[in-house]
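# Results of the structural survey
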Amino acid sequence: MKQRCLLGLIAVSMAVPALAGKMPIVLDDKPAFIERLVERMTLQEKVGQLRLISIGADMPRERLAEELAAGNIGGTFNSVTRRDNRPLQDAALRSRLQIPIFFAYDVVHGHRTIFPIGLGLASTWDMQAVATAGRVSAIEASADGLDMTFAPMVDIARDPRWGRTSEGFGEDPYLVSEIARTMVQAYQGESLREPDSLMASVKHFALYGAVEGGRDYNVVDMSSLRMHQDYLPPYRAAIDAGAGAVMVALNTINGVPASANRWLLRDLLRDDWGFSGVTISDHGTISELLRHGVAADGREAAKLAIEAGLDMSMADSLYGQHLAELVQAGDVPMQVVDQAVREVLGAKYDLGLFHDPYRRIGQASEDPPEVNAESRLHRQAARDVARQSLVLLENRNAVLPLEKTGTVALVGPLADSHIDMLGSWSAGGVATQTVTLRQAMQHALGDQGRLIHARGANITDDAQMVEYLNFLNWDNPEVVQDPRPADEMIAEAVAAAVQADVIVAAVGESRGMSHESSSRTTLQIPASQQALLRALKETGKPLVLVLMNGRPLNLGWAQANADAILETWFSGTEGGHAIADVLFGDYNPSGKLPISFPRSVGQIPTYYNHPRLGRPFVEGNPGNYTSQYFEEKNGPLYPFGYGLSYTKFSLSAPQLSRASLARGESLDVSVTLKNVGEHEGATVVQLYISDLSASVVRPVKQLKAFRKIRLAAGEQRQVGFRIDENDLKFFNAQLQQVAEAGAFEVQVGLDSQAVQTQRFELR
Ligand code: NOJ
């Protein structure tokens, strides 16, 4: 196959005598190779390279083969097996210049093996765990013939009404940037050319997480200062880590849709950040320029997008319809199209597709007989990562861990729901291959203990909501209602509870409730489940909540009434085992929240790194005329960085190696962490910096470093951090990155609020 492509290119070069015989050399020289290819392309072939087509959605398969063979398509997405991809690549190689296509897919938190959703991965605060999820995803997806993933999704989210909060890594620029970098490196591996690497297309550029009111696809209006300080760093981190592609967001930014935003795609991304990869629109966003009302017709939309710097059009119609004519009419310079084509060809080159178009598709004789074979899964890795993603929010009277010898009443609509274990964007994950909590607890108890299961409630009794959630997943309705009356289901659960030593209630959201286009107006556990919880509480039995959800929920009732609360997000293929490991004490929970939990929807946005205020609310000394809501307690219910363990840790006050720091010097911060409890366990030492006075208003604190440490019972360790001028830099009013002289505070703690501080000066 390799030969076939090369021979084709040589044949073409032989038609141009000056180039005859030079192809092998040219192939090793990326810029020269691409230049010569672009020189040979017709305008129509160039436009073809800029079109990314969705398999199954954008055109019938027969037409797809024709269009590929005509050189009218640059890449496809949504076909996910070698067997499906091979004939498409065959068709592309029948085109005049035999330019291979690439295959992309949303491999967001796993491919065949599903890892916890983004919020869960972020809750590990463990870059090794994040890297494992990324690497396994790349290994599995590339083994299915895929070249690119539409990930990582690094949109900062401070409004949990937004359903896509689930996909991202939370609210903090530093933590999300660390994860962005780790994910890109894990997907792309040592070299993109390796057959087991995937090109990362970081998304959604930019600021998608800040849609107004948390309503999906809504506008984004934001000051430049806030953008640079809080929302842009994770995209930048992904790009600095070498992400080969950038997906351009669906939203507007200060009045200009991202897809037509020259400042975003040229000035910032290319000129300031030096990005040299390919930009790809999100699904159909170029045609949405009409609905945004910035283009009068499709022709103008195509012109705006290509001129703004949008190379590839996902689910394209408009580039195909208008670009060639726009160039012929002199309305779009050929150089603009040529540059976009170079980026697409460059990505293919980097992926090794010109060297071997079947690099990831392989030989038919080596295709896996069964793509979903058990042997293709990485269960142990999924279980290890999932265990680390669980966050213990409450544990009164050490109700957890549970004994394996007692009787457990396991109730709730999520206790045995395979599909919900997967979470949103579950790629090639198969629901029946997931382990539910019911299966895992049964397995863990064996014949020593007894498990009584009762569903207790439907996810919701709101028929309209069910219809909406099932419409989202039209091929296979996911929210399947138990037809029994709510009272009867609750009565069954209560009957189970009264026979048990402890109740474990698996409640929260169905996976579709935290998804694209699933914005909510409330963060409550749905009413049907609340009624179940209240009835269970009345039994007087210890009540353990296992939450499954893709956003912070309002947990006021739960906090006041449950004996233990374990936040499990949607924890993936091995989620059930991971949760059972924690419930029964086979794994000591170590997860920390990557996002604040507000007390009510009215408190949104609640995030720890808020800018300083002139009239801040002071806990315990509220007074009038301070920034607060007067009807309820202020501040988050559970803060960023928070999470309990079965053991207890003590942390000493930070010691600084110097009280005053000159530029070019560094300062060492040291704390002693001690496991003062009775179990081995891990926690995360978090270091925040607070800039006490500056030329612009600064956040009250910012995470600057963290370390996850595991200690045996009684063990202690000194933990060191080093700070220098770079850690003190921020964007000033002129958007220059500066560190200004003056006083700073180092804050160290095991969450963002309970911290101990020390001051120092930058001279
Ligand atoms: C739309 C989503 O916004 C994006 O995240 C995804 O990658 C594309 N569709 C492709 O599926």
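For the structure itself, look to the data block above.
If you're wondering where the values come from, they're calculated on a predicted model, not measured in any experiment. (Residues numbered from 1 in each chain as written. Predicted model: local features only at pLDDT ≥ 70, side-chain atom pairs only at ≥ 80, totals over all residues. Heavy atoms only, no water.)

## Focus on the nonpolar core
Selection rule: By nonpolar core is meant a set of buried Ala, Val, Leu, Ile, Met, Phe, Trp, Tyr and Cys residues that side-chain atoms within 4.5 Å join together. Three exposure classes are used, based on accessible area relative to the maximum for each residue type with a 1.4 Å probe and protein chains only: buried under 20%, partly exposed in between, and exposed over 50%. In DSSP terms, a helix is any run of H or I states spanning at least four residues, a strand is any run of E spanning at least two, and both are numbered starting from the N terminus. The contact definition used throughout considers only heavy atoms, calling two residues in contact when any of these lie within 4.5 Å.
Counting 137 residues, the largest nonpolar core has Leu 50, Phe 205, Leu 207, Leu 232, Tyr 319 and Leu 345 as its most contacted members. Here this core gets 8 residues from one element, more than from any other, and that element is helix 16 (residues 334-350). If near-sequence neighbours (up to four positions away) are discounted, Leu 207 is found in contact with Val 220, Met 222, Met 227, Tyr 231, Leu 232, Tyr 235, Asn 251 and Ile 253. By size, the runner-up hydrophobic cluster in this structure holds 76 residues, among which are Val 466, Ile 503, Leu 545 and Tyr 587.

## A short note on the packing of aromatic side chains
For clarity, the threshold we go by: For this analysis, a ring pair means two rings from Phe, Tyr or Trp (six-membered ring only for Trp) whose centres lie within 6.5 Å, classed as stacked if their planes differ by under 30 degrees, edge-to-face if by over 60, and tilted for the remaining angles.
Summed over the entire model, instances satisfying the criterion amount to 15 aromatic pairs. Considering the side-chain rings of Trp 569 and Phe 597, the 6.1 Å spacing of their centres and the 65° angle between planes classify their relative orientation as edge-to-face. Here Phe 597 lies in the loop between helix 24 (575-583) and strand 17 (649-651) and Trp 569 lies in the loop between strand 16 (564-567) and helix 24, a separation of 28 residues in the sequence. Both residues of the pair, Trp 569 and Phe 597, count as buried. Where Tyr 608 meets Phe 640, the ring centres are 4.5 Å apart and the plane angle is 10°; that geometry is what we call stacked. Taken together, the positions of Tyr 608 in the loop between helix 24 and strand 17 and Phe 640 in the loop between helix 24 and strand 17 put the pair 32 residues apart, joining distant regions of the chain. When its relative accessible area of 0% is taken as the criterion, Phe 640 is described as buried. One aromatic cluster is present, formed by Trp 125, Tyr 174, Tyr 608, Phe 640, Tyr 688 and Phe 706 through successive ring pairs.

## As for the site of the ligand
The test is simple: Consider each residue's heavy atoms; a residue with any of them within 4 Å of a molecule or strand counts as near. Pairing of N or O atoms within 3.5 Å defines a polar contact, subject to two protein rules: one partner must be a possible hydrogen donor and the other a possible acceptor, and residues neighboring in sequence count only if both atoms are side-chain atoms. In these tables, accessible area is a Shrake-Rupley quantity obtained with a 1.4 Å probe, and a residue counts as shielded only by the protein chains included in the view. Gly falls in the polar group here, along with every residue not listed as nonpolar (Ala, Val, Leu, Ile, Met, Phe, Trp, Tyr, Cys, Pro) or charged (Asp, Glu, Lys, Arg).
Taken together, 13 residues lie near the ligand, and Asp 106, Arg 164, Lys 203, His 204 and Asp 282 sit nearest. Between the ligand and Asp 106 there is a distance of 2.4 Å, counted from an oxygen atom to a side-chain nitrogen or oxygen. In the environment of the ligand, an oxygen atom lies 2.9 Å from a nitrogen or oxygen atom belonging to the side chain of Lys 203. Contact with the protein chains removes 94% of the 290 Å² of surface that the ligand exposes when unbound. When grouped by side-chain class, the residues that make up the shell around the ligand number 6 nonpolar, 2 polar and 5 charged.

## Section: the pairing of strand 3 (residues 102-105)
For the record, the criterion: Two strands form a pair only when DSSP identifies at least two bridges running between them.
Covered by surrounding structure in strand 3 are Phe 102 and Ala 104 together with Phe 103 and Tyr 105, the residues of both alternating faces. As judged from the 2 bridges shared by strand 3 and strand 4 (residues 148-149), these two strands associate in the parallel manner. Each bridged residue has a counterpart across the sheet, and for Tyr 105 the counterpart in strand 4 is Thr 149.

## Some words on the layout of surface pockets
We apply this condition: Using protein atoms alone on a 1 Å grid, points that fit a 1.4 Å probe yet trap it form a cavity, whereas open point sets bounded by protein on both sides within 12 Å along at least five of seven lines form a pocket; residues with an atom within 4 Å of a point count as lining. Grid points are joined across faces, edges and corners, and a volume is the space filled by probe spheres set on the points.
Considered as a void within the structure, the second largest pocket measures approximately 990 Å³ in volume. Residues belonging to the lining of the second largest pocket are distributed by class as follows: 12 nonpolar, 9 polar and 5 charged.

## What to know about the packing of helix 5 (residues 61-69) against helix 6 (residues 82-92)
Each pair of packed helices can be described by the angle between their axes along with the distance between the axes. Formally: Note on definitions: angles span 0 to 180 degrees between N-to-C directions of axes, and those axes are lines fitted to C-alpha atoms, for helices only across the stretch in contact. Just so you know how the angles are binned, under 35 degrees is roughly parallel, over 145 roughly antiparallel, 65 to 115 roughly perpendicular, and the rest oblique.
At a closest axis distance of 7 Å, the pairing of helix 5 and helix 6 adopts a crossing angle of 40°. With respect to helix 6, the element helix 5 is oriented oblique. Residues Arg 61, Leu 64, Ala 65, Leu 68 and Ala 69 of helix 5 pack against Asp 84, Leu 88, Ala 91 and Ala 92 of helix 6. Considering only residue class, the contact of helix 5 with helix 6 consists of 7 nonpolar, no polar and 2 charged.

## Some thoughts on the sheet that holds strand 27 (residues 755-762)
Read from one edge of the open sheet, 5 strands run 19-27-26-21-22, paired in mixed fashion. Two strands in the sheet have a free side with no partner beyond their single neighbour: strand 19 (660-661) and strand 22 (702-711). As paired strands, strand 26 (residues 742-749) and strand 27 are joined by 8 bridges and run antiparallel to one another. Considered in strand 27, the bridge of Glu 745 is made with Arg 759.

## Brief notes about the sheet that holds strand 15 (residues 543-548)
Strand order in the open sheet formed by 6 strands is 11-16-15-14-12-13, with mixed pairing between adjacent strands. Looking at strand neighbours, the two that pair on one side only are strand 11 (391-395) and strand 13 (450-454), the edges of this open sheet. Neighbour-to-neighbour, the strand axes of the sheet open up by a mean angle of 15°, direction not taken into account. Its contacts with the sheet place helix 21 (residues 486-498) against strand 12 (407-411), strand 13 and strand 14 (502-508), and it is angled at close to 165° to strand 13. This element, helix 24, spans strand 14, strand 15 and strand 16 of the sheet and lies at about 150° to strand 15.

## Points about unusual backbone geometry
Each neighbour pair has its own omega, and for Ala 151 with Pro 152 the value is 5°, a cis peptide bond. By the secondary structure assignment, Pro 152 is in the loop between strand 4 and helix 9 (173-188). A positive phi angle is found at Gln 98, which is not glycine, with a value near 55°. By the element assignment, Gln 98 lies in the loop between helix 6 and strand 3.

## Section: empty space enclosed by the protein
One way to see where empty space is left: roll a probe the size of a water molecule over the atoms. All told, the structure shown has 4 cavities of 30 Å³ or more when counted by the stated rule. As a volume, the largest cavity reaches approximately 80 Å³. As for the largest cavity, its lining consists of Glu 45, Gln 49, Leu 68, Gly 71, Ile 73, Ala 92, Ser 95, Leu 97, Gln 98, Ile 99 and Ile 101. Residues of the lining of the largest cavity, tallied by class, amount to 6 nonpolar, 4 polar and 1 charged. In this structure, the second largest cavity spans a volume of roughly 40 Å³. Looking at the second largest cavity, the residues that line it are Ser 281, Gly 284, Thr 285, Ile 286, Ser 287, Ser 313, Met 314, Ala 315, Asp 316, Ser 317 and Leu 318. Taken together, the elements giving at least two residues each to the lining of the second largest cavity come down to helix 13 (285-292) and strand 10 (313-314). It is helix 13 that provides the largest number of residues to the lining of the second largest cavity, a total of 3 residues. Each residue belonging to the lining of the second largest cavity can be placed in one class, and the counts come to 4 nonpolar, 6 polar and 1 charged.

## A few points about the pattern of salt bridges
Rules: Throughout this description, the term salt bridge denotes a Lys or Arg side-chain nitrogen within 4 Å of a carboxyl oxygen of Asp or Glu.
Taken as a whole and judged by the stated rule, the model has 44 salt bridges. Arg 383 is the partner of Asp 581 in a salt bridge, and the nearest nitrogen-oxygen pair spans 2.9 Å. Here Asp 581, found in helix 24, pairs with Arg 383, found in helix 17 (residues 379-388); they are 198 residues apart in sequence, far enough to count as distant. With relative accessibility at 5%, the residue Asp 581 sits in the buried group. What emerges from the salt-bridge pattern is a single network uniting Arg 82, Arg 83, Arg 86 and Asp 367.

## Details of the packing of helix 9 against helix 11 (residues 233-240)
To be explicit about the condition: Note: crossing handedness is left-handed where the near helix turns anticlockwise from the far helix by less than a right angle, and right-handed where it turns clockwise.
For the pair helix 9 and helix 11, interaxial distance at closest approach is 8 Å and the crossing angle is 25°. Viewed along their axes, helix 9 and helix 11 adopt a mutual orientation that is roughly parallel. You can see that helix 9 and helix 11 cross each other, and the crossing is right-handed. Two secondary-structure elements touch here, helix 9 through Pro 173, Val 176, Ser 177, Ala 180, Arg 181 and Val 184 and helix 11 through Pro 233, Pro 234, Ala 237 and Ala 238. For the contact of helix 9 with helix 11, the class distribution of residues is 8 nonpolar, 1 polar and 1 charged.

## Looking at the environment of Tyr 349
Here Tyr 349 is to be found in helix 16. Separated by 321 residues in sequence, Tyr 349 and Asp 28 place their C-alpha atoms 9.8 Å apart. Contacts of Tyr 349, omitting those with residues within four sequence positions, involve Leu 27, Asp 28, Asp 29, Lys 30, Phe 33, Ile 34, Arg 193, Phe 354 and His 355.

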